[in-house]
Amino acid sequence: MKRHITPLLLVWCLYPLSVLLLHFTKGERWRGAESAMLSRTQAVGFEQEGRLQKAAQYYRTAEATALADDLLLQARVKIDAARVAILQGEAFEGVEKMEQLLAASPGKTLPKPLRAEANATCALGLYYAAYALRLDNNEPDLWQKEAAEARTIFLRLHEQARRANLPEEAALYGRNLEATIRLQRGKLAEIAVNPPPPASLAARDKSLFHKKMERLEKSGS
């Protein structure tokens, strides 16, 4: 009789242990992902309302809450945080964040849609930076580099979207490409006559020109 009872008792003894292990392994991961996604959902709501400072706060919380080995979720909230930083006028900070993400995730580590979005966010930051720099100082040496890099990225994304038969994405990247070309080729009077993008004005207000000078000094240019 005891022989029949022992395996059953053993199962019931192991059951609490298995629950405990789940709690501290997968359970912890689930809670981390759930908490990060909740913070991200709140951040998206604030961003849609135009409350960028609040959105940035919740995106940072989501990034801090997501587990370090949850690469997809980490990438998702890093892109979100960079986008909002750029919209707030922190163009170079957002660009650097995306450059770091792309450098840390070479090859096929990131799914194509996330990689494309990270590149697009980087290009957008470069475009806004170039626009703000040109408003401050029309010397080509001070803004053409950012504009040229943005143009190269948007062109590559446009061509990739066309090859992948993604017409909406191709159209979006095409419009961004055209805007960047106009920024490069247009006269300053033509550029200034149109209302500048709010993100570029915010970048100018946050001393983007001085940040550009610092970057030039660091690079030895």
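Residues numbered from 1 in each chain as written. Predicted model: local features only at pLDDT ≥ 70, side-chain atom pairs only at ≥ 80, totals over all residues. Heavy atoms only, no water.

**Q** Explain the nonpolar core to me, please; I cannot follow it from the model alone.
**A** Within soluble globular proteins, side chains that are nonpolar generally end up buried alongside one another. Residues Met98, Leu101, Tyr127, Tyr173 and Leu208 are the most contacted members of the largest nonpolar core, which totals 41 residues. Secondary structure elements with two or more residues in this core: α4 (71–87), α5 (91–104), α6 (112–136), α7 (144–163), α8 (167–185) and α10 (198–205). The element best represented in this core is α6, accounting for 14 residues. Excluding its chain neighbours within four sequence positions, the residues that come into contact with Tyr127 are Ala150, Ala179, Thr180, Leu183 and Pro197. Core analysis: the next-biggest nonpolar cluster, separate from the first, contains seven residues, Ala56, Tyr59, Ala81 and Val84 among them. (Core = buried A, V, L, I, M, F, W, Y, C linked by side-chain atoms within 4.5 Å. Buried < 20%, exposed > 50% of the residue type's maximum accessible area, 1.4 Å probe, protein only. Helix = DSSP H or I, 4+ residues; strand = E, 2+ residues; numbered from the N terminus. Contact = heavy atoms within 4.5 Å.)

**Q** How should the packing of helix α3 (residues 52–65) against α4 be read in this particular structure?
**A** Two quantities define a packed helix pair, namely the angle between the axes and the distance from one axis to the other. Here α3 crosses α4 at 155°, and the two axes come no closer than 9 Å. Here α3 lies roughly antiparallel to α4, going by the angle between them. Along this stretch, α3 crosses α4, giving a crossing that reads as left-handed. Here Leu52, Ala55, Ala56, Tyr59, Ala62 and Glu63 of α3 lie close against α4, whose contacting residues are Gln74, Val77, Lys78, Asp80, Ala81, Arg83, Val84 and Leu87. Split by residue class, the contact of α3 with α4 holds nine nonpolar, one polar and four charged. (Axes fitted to C-alpha atoms, helices over the stretch in contact; angles between N-to-C directions. Parallel < 35°, antiparallel > 145°, perpendicular 65-115°, else oblique. Left-handed = near helix turned anticlockwise from the far one by under 90°. Nonpolar A, V, L, I, M, F, W, Y, C, P; charged D, E, K, R; others polar.)

**Q** Which parts of the structure should I look at to understand the packing of α5 against α6?
**A** As a packed pair, α5 and α6 sit with axes 8 Å apart at the nearest point and diverge in direction by 150°. The angle between α5 and α6 places the two elements in the roughly antiparallel class. α5 and α6 meet at a crossing whose hand is left-handed. Residues Ala91, Phe92, Val95, Met98, Glu99, Leu101 and Leu102 of α5 pack against Arg115, Ala118, Asn119, Thr121, Cys122, Gly125, Leu126, Ala129 and Leu133 of α6. The residue makeup of the contact of α5 with α6, split by class, is eleven nonpolar, three polar and two charged.

**Q** Can you help me understand the packing of aromatic side chains in this one?
**A** Scanning the model with the defined rule gives three aromatic pairs in all. Ring geometry for Phe46 against Tyr58: centres 5.3 Å apart, planes inclined by 40°, an arrangement best described as tilted. Highlighted residues: Phe46 in helix α2 (residues 26–48) and Tyr58 in helix α3, separated in sequence by twelve residues. Between Tyr127 and Tyr131, the ring centres sit 6.0 Å apart and the planes meet at 75°, which makes this aromatic pair edge-to-face. (Phe/Tyr/Trp six-rings, centres within 6.5 Å; stacked < 30°, edge-to-face > 60°.)

Remember that the coordinates give geometry; whether it matters functionally is a separate question.
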